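Residues per chain, in single letters:
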Amino acid sequence: MTQIMTAENVHLYYGKKEALHGFDIGFDENQITALIGPSGCGKSTFLRCLNRMNDLIENVTITGSFKLQGEDIYSPRMDVVKLRKEVGMVFQQPNPFPLSVYDNIAFGLKLKGIKDKQVIDQIVEESLRKAAVWDEVKDNLKKDALAFSGGQQQRICIARVLAVQPKVILMDEPTSALDPVSNAKIEDTLVELKKDYTIIIVTHNMQQASRISDNTAFFLNGDLIESGKTKELFLTPKEKLTDDYLNGRFG
Amino acid sequence: MDDIKQKLLSKSKQTTEDRRGKILCYACLSLIIVLIVSILYFIINRGTATFTQNYLSLTQFLTGKQWNPGHHQIGALPMIVTSFLVTILAAILATPFAIGVAIFMTEYAPRKGTKALRAVIELLVGIPSVVYGYIGLMVVVPLVRKLIGGTGFGILAGTLVLFVMILPTVISLTADSLKAIPVSYRQAALALGATKWQAIYKIVLRAALPGILTAIIFGMTRAFGEALAVQMVIGNAVLMPEGLGTPTATLTSQLTSQMGNTVLGTVSNNALWSLALVLLLMSLVFNLLIRVITREGVIK
């Protein structure tokens, strides 16, 4: 299995305080990798390193080597805007733009300079289908995206990312703000999506990690404690800390 | 038992205080309502007297170009036109600058810079209009004279002074509306591979459009109602403006310059009240516009 993204010797500082303490991790292509761990363990912080969203926060220093298909994403020559087209992101809270569903999905295409209406129409439909929300919105494409339910909004956001056709999709607890039914729909969607995309998902929900992910990485206090095949990690964890966390002895 | 009954049935000190507070609030409110209603009544009553008591024609008032109330000529069109022209031109001039500065304040400037800028802008709001007018008279009018000839008094000078005067209002209201746009929109746009400018231009400005329009209309309300500073640079001749540099008058400038020269109850006096009525109605229109825009939310 080839690794599409790798991170080595990751250190991250908020001001002088070290939040990530140096670890190595890789992500298999066309697989779902779940990042689990208690709140504040650094998993979301690490996720935001992978598309350089941490650049937006003042006073953050990141060291280590982050590579997407062998290219250093923190190299001065790397165009952040292009990187983010390759590494998409879905946030914890559904955050569609206050525009119509259609315009939400078309936003990324217009950024790419695609102007042909037919092409846009086609990709909008495709993306919404892949995100399993097409049937619910197809008659209301001109309707304000904010008028839909939270679960539908989140799938619209997923479709919006898919339309840009990234290689990797980062997801920061994408279902934690949603009801169980929406949650299940999104989980099904993700499993479908891994045929075409590599997905890295941060989740609080260990059942979710075990249901959908191929690989799991367990974080604690800014360290990567253990990572590996999800089945192995859940059934036969190598580290005592992992075992304790999975069995609810802390966290 | 009787003791307790007695205690519960008599009013406690707190209850009395509560009631007193309530009465005080209602009293203040009633006073304000009476004040507003009487002002409105007075303006409407006096303002319509020109037409109901002096039997002058409303059509003449709205379309006539001759203003000489002493001789029963009350054509207010030149003032209405000039008022709208300076207001709209000032707003058109101020809007791009205001949006630019507001974007800088909310998106680009470091926090300290924003604070300093805000302080300066608030200071500008606080400068009395007579000071703006004085600067207008001493600096802007000669400049206009040099640029386009004539006396220098007129619409261009008025526009430039109003532009500076409404700029701080429009900037701070625009900045507030930009700041109210959730960070999550910006993050979503950036995460999709938008540049910072694309995120601002395509998402933030669009989402903030109702707020920005409201800011512009607030600026226009201020420009429309500004009297003193405009009076000092507009030329004060009730003539149809022939160009940007010919002396003319606005509704407000005519009011301030003439109100000392008329006697209550005369036609001249009533005609001025009619001008005041137009101002009142226009501010009502501006207010309604703001309400419609804020209620409609995002304009598609």
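Keep in mind it's a predicted model, so treat the numbers as computed, not measured.

1. A look at the overall build of chain A
So, step 1. Within chain A one finds ten helices and eleven strands.
So, step 2. For 251 residues, the compact-globule estimate of 2.2 N^0.38 gives 18 Å, and chain A sits close to it at 18 Å.
So, step 3. Across its three principal directions, the C-alpha atoms of chain A cover 55 × 40 × 35 Å.
So, step 4. Counting over 251 residues, chain A shows a buried share of 45%.
So, step 5. Counting contacts in chain A only where the partners sit at least 6 residues apart, residues at least 24 apart contribute 68% of the total.

2. Quick word on the interface of chain B and chain A
One frequent convention defines the size of an interface as the accessible area lost when the parts assemble.
So, step 1. Listed as interface residues are 14 residues of chain B and, on the opposing side, 19 residues of chain A.
So, step 2. Listing elements by their share of the side of chain B that touches chain A, those giving two or more residues are helix H8 (183-191) and helix H9 (196-207) of chain B.
So, step 3. Ranked by residues supplied to the side of chain B that touches chain A, first place goes to H8 of chain B with six residues.
So, step 4. When the residues that make up the side of chain B that touches chain A are grouped by side-chain class, the tally is nine nonpolar, five polar and no charged.

3. Structural notes on the packing of helix H12 (residues 251-258) of chain B against helix H13 (residues 267-296) of chain B
Residues and elements named next belong to chain B.
So, step 1. Direction vectors running N to C along H12 and H13 enclose 145 degrees, while the axes themselves pass 10 Å from each other. The way H12 lies across H13 gives a crossing that is left-handed. In this structure, H12 uses Leu251, Thr252, Gln254, Leu255 and Gln258 to contact H13, whose residues at the interface are Leu272, Leu275, Ala276, Val278 and Leu279.
So, step 2. Partitioned by chemical class, the residues of the contact of H12 with H13 number seven nonpolar, three polar and no charged.

4. Re unusual backbone geometry
So, step 1. One non-glycine residue with positive phi stands out, namely Asn30 of chain A, at about 55 degrees.
So, step 2. Despite not being glycine, His72 of chain B shows a phi value in the positive range, around 60 degrees.
So, step 3. Within the secondary structure layout, His72 of chain B lies in the loop between strand S1 (67-68) and strand S2 (73-74).

5. Re the UniProt feature "domain: ABC transmembrane type-1" (unreviewed entry) in chain B
So, step 1. UniProt marks residues 80-290 of chain B with the feature "domain: ABC transmembrane type-1" (unreviewed entry), using the numbering shown here.
So, step 2. Between the end C-alpha atoms of residues 80-290 of chain B there is a gap of 21 Å, over a span that is 79% helix and 0% strand.

6. Describing H13 of chain B
Note: α-helices contain 3.6 residues per turn, so residues at a spacing of three or four share the same orientation.
Residue and element names in this part refer to chain B.
So, step 1. Helix length check: H13, at 30 residues, gives a terminal C-alpha distance of 43 Å against a target of 44 Å (1.5 Å per residue), a fit within 8%.
So, step 2. Regarding H13, the residues found buried are Asn270, Ala271, Leu272, Trp273, Ser274, Leu275 and Leu279.
So, step 3. Of the surrounding elements, those touching the buried residues of H13 are helix H2 (13-52), helix H3 (58-63), S2, helix H4 (77-108), helix H10 (209-225) and H12.

7. Brief notes about the domain arrangement of chain B
Residue and element names in this part refer to chain B.
So, step 1. Each assigned domain of chain B is listed here: domain 1 (12-57) and domain 2 (67-296).
So, step 2. Centre-to-centre, using C-alpha coordinates, domain 1 lies 29 Å away from domain 2.
So, step 3. Taken residue by residue, the interface counts eight residues in domain 1 and ten residues in domain 2.
So, step 4. Its residues assigned to classes, the side of domain 1 that touches domain 2 shows four nonpolar, three polar and one charged.

8. A closer look at the environment of Gly64 of chain A
Residues and elements named next belong to chain A.
So, step 1. With respect to the helices and strands, the residue Gly64 is situated in strand S5 (residues 60-68).
So, step 2. Residue Gly64 is classed as partly exposed on the basis of its 16 C-beta neighbours within 10 Å.
So, step 3. A C-alpha to C-alpha distance of 8.7 Å links Gly64 and Leu12, two positions 52 residues apart in sequence.

9. Considerations on the pairing of strand S7 (residues 87-90) of chain A
Residues and elements named next belong to chain A.
So, step 1. Along S7, one buried face is formed by Val87 and Met89 and the opposite face, lined by Gly88 and Val90, is buried too.
So, step 2. Summarising the sheet, S7 and strand S8 (residues 168-172) pair through four bridges and their orientation is parallel. Looking at S8, one finds that Val87 is bridged to Val168.

10. Here's the deal with H4 of chain B
So, step 1. Relative to the 46 Å expected for 32 residues at 1.5 Å per residue, H4 of chain B spans 45 Å between its end C-alpha atoms, a close match to the ideal helical length.
So, step 2. For H4 of chain B, the principal kink sits at Ala94 of chain B and spans about 30 degrees; a proline, Pro96 of chain B, occurs within the next four residues.

11. Some thoughts on the sheet that holds strand S10 (residues 215-220) of chain A
As a general point, the strands of a sheet are linked pairwise by backbone hydrogen bonds and lie either parallel or antiparallel.
Residues and elements named next belong to chain A.
So, step 1. Spatial ordering of the open sheet is given by S7-S8-S9-S4-S10-S11, a layout of six strands whose pairing is mixed. Both edges of this open sheet fall to S7 and strand S11 (223-229), since each of them pairs with a single strand only. Averaged over all adjacent pairs, the angle separating strand axes in this sheet is 15 degrees, with direction ignored.
So, step 2. The sheet contact formed by S8 and strand S9 (residues 198-202) spans five bridges and is parallel. When the bridges of S9 are listed, Ile169 appears paired with Ile199.

12. A look at the UniProt feature "transmembrane region" (unreviewed entry) in chain B
All names here are of chain B.
So, step 1. This chain's UniProt record puts "transmembrane region" (unreviewed entry) on residues 21-44, 76-104, 116-135, 155-178, 199-220 and 271-290.
So, step 2. Within residues 21-44, the helical portion is 100% and the strand portion 0%, while the C-alpha atoms at the span's ends are 35 Å from each other.
So, step 3. Secondary structure content for residues 76-104 is 97% helix and 0% strand, while the C-alpha to C-alpha distance between its ends is 42 Å.

13. Looking at the packing of helix H6 (residues 129-148) of chain B against helix H7 (residues 155-179) of chain B
Residue and element names in this part refer to chain B.
So, step 1. Direction vectors running N to C along H6 and H7 enclose 135 degrees, while the axes themselves pass 9 Å from each other. As far as their axial angle goes, H7 and H6 are oblique. Between H6 and H7 lies a crossing whose hand is right-handed. Contacts between H6 and H7 involve Ser129, Tyr132, Gly133, Gly136, Val140, Val141, Val144 and Ile148 on the former and, on the latter, Leu156, Ala157, Leu160, Val161, Val164 and Met165.
So, step 2. When grouped by side-chain class, the residues that make up the contact of H6 with H7 number eleven nonpolar, three polar and no charged.

14. Observations regarding the pairing of S9 of chain A
Residue and element names in this part refer to chain A.
So, step 1. Of all five residues in S9, five are buried, a share of seventy percent or more.
So, step 2. A two-sided burial pattern is seen for S9, the buried positions comprising Thr198, Ile200 and Val202 on one face and Ile199 and Ile201 on the other.
So, step 3. Alignment of strand S4 (residues 32-36) against S9, held across four bridges, turns out to be parallel. When the bridges of S9 are listed, Ala34 appears paired with Ile201.
So, step 4. Traced from S8 through helix H7 (residues 180-193) to S9, the parallel crossover comes out right-handed.

15. Remarks on the UniProt feature "domain: ABC transporter" (unreviewed entry) in chain A
So, step 1. Per the UniProt entry, the sites bearing "domain: ABC transporter" (unreviewed entry) are residues 5-246 of chain A in this numbering.
So, step 2. As a span, residues 5-246 of chain A carries 38% helix and 26% strand, and end to end its C-alpha atoms are 26 Å apart.

Definitions and cut-offs
- Residues numbered from 1 in each chain as written.
- Chains lettered and ligands numbered in written order.
- Predicted model: local features only at pLDDT ≥ 70, side-chain atom pairs only at ≥ 80, totals over all residues.
- Helix = DSSP H or I, 4+ residues; strand = E, 2+ residues; numbered from the N terminus.
- Rg over C-alpha atoms; globule rule 2.2 N^0.38 Å.
- Buried ≥ 20, exposed ≤ 12 C-beta atoms within 10 Å, placed from the backbone.
- Contact = placed C-beta atoms within 7 Å.
- Nonpolar A, V, L, I, M, F, W, Y, C, P; charged D, E, K, R; others polar.
- Axes fitted to C-alpha atoms, helices over the stretch in contact; angles between N-to-C directions.
- Left-handed = near helix turned anticlockwise from the far one by under 90°.
- UniProt positions renumbered as here; feature names shortened; annotations may be inferred.
- Expected span 1.5 Å × (residues − 1).
- Domains from an automatic or database assignment.
- Pairing = 2+ DSSP bridges.
- Bend = angle between axes of the 7 residues up to and from the residue.
- Parallel < 35°, antiparallel > 145°, perpendicular 65-115°, else oblique.
- Right-handed = clockwise from strand over helix to strand, strands pointing away.

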